[in-house]
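# Inside the fold
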Protein chains: 2
Amino acid sequence: MDKKTKNLFEARAKIIKALAHPARLFIVDQLSHGEKCVCELTEMIGSDVSTISKHLGILRNNGIISYEKRGTQVFYSLRVPCVLNFFSCVESVISSNAREQLLLLKD
Amino acid sequence: MDKKTKNLFEARAKIIKALAHPARLFIVDQLSHGEKCVCELTEMIGSDVSTISKHLGILRNNGIISYEKRGTQVFYSLRVPCVLNFFSCVESVISSNAREQLLLLKD
DNA sequence: TGGTTATTTGGCAAAATAGCCAATAATATG
DNA sequence: CATATTATTGGCTATTTTGCCAAATAACCA
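We now turn to the structure provided with this report. Bear in mind that the values here come from a model prediction, so they are computed numbers and not experimental data. (Residues numbered from 1 in each chain as written. Chains lettered and ligands numbered in written order. Predicted model: local features only at pLDDT ≥ 70, side-chain atom pairs only at ≥ 80, totals over all residues. Heavy atoms only, no water.)

### Concerning the pairing of strand 3 (residues 73–78) of chain B
Residue and element names in this part refer to chain B. As a reminder of what qualifies: Pairing between strands is defined by DSSP: at least two bridges between them are needed. The helix and strand labels rest on DSSP assignments: H or I over at least four residues marks a helix, E over at least two residues marks a strand, and numbering proceeds from the N terminus.
Two elements, strand 1 (residues 36–37) and strand 3, share two bridges in a ladder whose sense is antiparallel. Bridge pairing in strand 3 places C37 opposite F75. The pairing of strand 2 (residues 65–70) with strand 3 spans six bridges and is antiparallel. Counterpart to I65 in the pairing with strand 3 is L78. Here strand 2 folds back onto strand 3, and the loop between the two strands holds two residues, one of which, G71, carries a positive phi near 70°.

Below is the structure:
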């Protein structure tokens, strides 16, 4: 694999890795319904604020979400809505796996 | 976040995590052109066979690829082609980030 | 059967990730 | 200004992931 190809796939993996966490997927899902402040997301997820802030930082640094500061609050929104397309495919993988499991049980 | 929601997003993250590695993305990309044996993928990627085999195991265990044994070789193929849709979105994130970088340089 | 090739598995050390607490920064408000 | 609120950052430990080597497994062939 030449260097250029390697860089390409590393860049792609970096973006996907930024999404590869339950809390971060939940955040993306929530932001698809409109902007949310850190406190709202923290409330919903139920981890420490610092933890949520770090998750937001990962999504932000990878250009998946954007933010706007208003007063003491920071509001995040989805910058690249196409990531929502991931969900339907992931869902089909999950149900396909479940069907496979059922088939195996029949043996 | 209730338990059901938590489980849902954990299941989704597990699938996405399985894809979140340069070598594994490369494998998915290659398999989109047709089945490949472990030796071919190993040759292309240039890591140890055992490393490639473990990557394949992760994709396989998450239902993203399937395999068929023929003789001493094992041929892998893409089980859920919709994961290829990820690439175009990821690409748009990357180019959007690049444009953002350019804007920042102008300041 | 013995040897060869292809692949997987076990085990280990290094690196990356996650999540908490404490400390800091920024802004609003009395 | 002092204090409260909201969010980010630093630092730490625990956990997970990665990738190599060595060993085991499987199928083919002489």
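Now that the structure has been shown, the text picks up again.
### Some points on the relation of the copies chain A and chain B
Rule in force here: Superposing the copies works by least squares over the C-alpha atoms of residues that have pLDDT at least 70 in both of them. Throughout, a contact is declared for two residues whenever any of their heavy atoms are within 4.5 Å.
Taken as rigid bodies, chain A and chain B are interconverted by a rotation of 180° and an axial shift of 0.0 Å, the fit giving an RMSD of 0.0 Å. Such a combination of rotation and displacement between the chain copies is what one expects of a two-fold axis. With an isologous cut-off of 70% or more, the 100% of interface residues of chain A that recur at the interface of chain B puts this contact in the isologous class.

### Topic: the protein's contact with DNA strand D
Under the convention used in this document: The cutoff for a nearby residue is simple: one of its non-hydrogen atoms must lie within 4 Å of the molecule or strand. Between N or O atoms, a polar contact is any pair within 3.5 Å; within protein, one atom must be a potential hydrogen donor and the other a potential acceptor, and residues adjacent in sequence are included only when both atoms are from side chains. Ten residues, namely Ala, Val, Leu, Ile, Met, Phe, Trp, Tyr, Cys and Pro, are considered nonpolar, four, namely Asp, Glu, Lys and Arg, are considered charged, and the remaining ones, Gly among them, are considered polar.
In the region of DNA strand D, 24 residues are neighbours, and C39, S53, K54 and Y76 of chain A together with H55 of chain B sit closest. Contact distances for DNA strand D include 2.8 Å between a phosphate oxygen and a backbone N or O atom of C39 of chain A. Contact distances for DNA strand D include 3.4 Å between a sugar or linking oxygen and a backbone N or O atom of T72 of chain A. Elements that contribute at least two residues to the surface near DNA strand D include exactly helix 3 (38–45), helix 4 (49–61) and strand 3 (73–78) of chain A together with helix 4 (49–61) of chain B. With five residues, helix 4 of chain A is the single largest residue contributor to the surface near DNA strand D. When the residues that make up the surface near DNA strand D are grouped by side-chain class, the tally is six nonpolar, eleven polar and seven charged.

### Overview of helix 5 (residues 84–106) of chain B
Put simply, the test is: Each helix should span, by expectation, one fewer than its residue count multiplied by 1.5 Å. Burial status follows relative accessibility: with a 1.4 Å probe on protein chains alone, a residue under 20% of its type maximum counts as buried, one over 50% as exposed, and anything between as partly exposed.
Between the first and last C-alpha of helix 5 of chain B there are 35 Å, a value that for 23 residues agrees with the 33 Å anticipated at 1.5 Å per step. Buried residues of helix 5 of chain B: F86, F87, C89, V90, V93, S96 and N97 of chain B, and no others. Elements in contact with the buried residues of helix 5 of chain B: helix 1 (3–19) and helix 5 (85–106) of chain A together with helix 1 (3–19) and helix 2 (22–31) of chain B.

### Let's talk about the interface of chain A and chain B
Convention followed: In short, buried area is how much 1.4 Å probe accessible area vanishes from two parts on joining, totalled over both. Salt bridges are defined by distance alone: a side-chain nitrogen of Lys or Arg within 4 Å of a carboxyl oxygen of Asp or Glu.
On the chain B side, the residues contacting the 37 residues of chain A number 37 residues. For the pair chain A and chain B, the summed buried area comes to about 3300 Å², and 76% of that belongs to carbon and sulfur atoms. Taken together, chain A and chain B are joined by four salt bridges. With a shortest N-O distance of 2.9 Å, E91 of chain B and R12 of chain A are connected by a salt bridge.

### Section: the pattern of salt bridges
Following the criterion strictly, the structure yields ten salt bridges over all chains and no others. When the shortest N-O distance is used, the salt bridge between R79 of chain B and E100 of chain A registers 3.6 Å. Residue R79 of chain B is found in the loop between strand 3 and helix 5, and its partner E100 of chain A is found in helix 5; the two belong to separate chains. The exposure class assigned to R79 of chain B is partly exposed, which follows from its relative accessible area of 26%. In this structure, the salt-bridge partner of E68 of chain B is R70 of chain B, at a minimum N-O distance of 3.2 Å.

### Points about the side chain of H55 of chain B
With respect to the secondary-structure elements, H55 of chain B resides in helix 4. With sequence-adjacent residues up to four places away left out, H55 of chain B is seen in contact with H21, A23, R24 and I27 of chain B.

### Regarding the protein's contact with DNA strand C
Around DNA strand C, a shell composed of 24 residues is seen, among which H55 of chain A together with C39, S53, K54 and Y76 of chain B lie nearest. Restricting attention to atoms of DNA strand C within 4 Å of the protein, one finds that 68% of them are sugar or phosphate atoms. Note that a phosphate oxygen of DNA strand C is positioned 2.8 Å from one of the side-chain N or O atoms of H55 of chain A. The separation between a phosphate oxygen of DNA strand C and a polar main-chain atom of C39 of chain B is 2.8 Å. Elements with a contribution of two residues or more to the surface near DNA strand C: helix 4 of chain A together with helix 3 (38–45), helix 4 and strand 3 of chain B. In terms of residue class, the surface near DNA strand C is made up of seven nonpolar, eleven polar and six charged.

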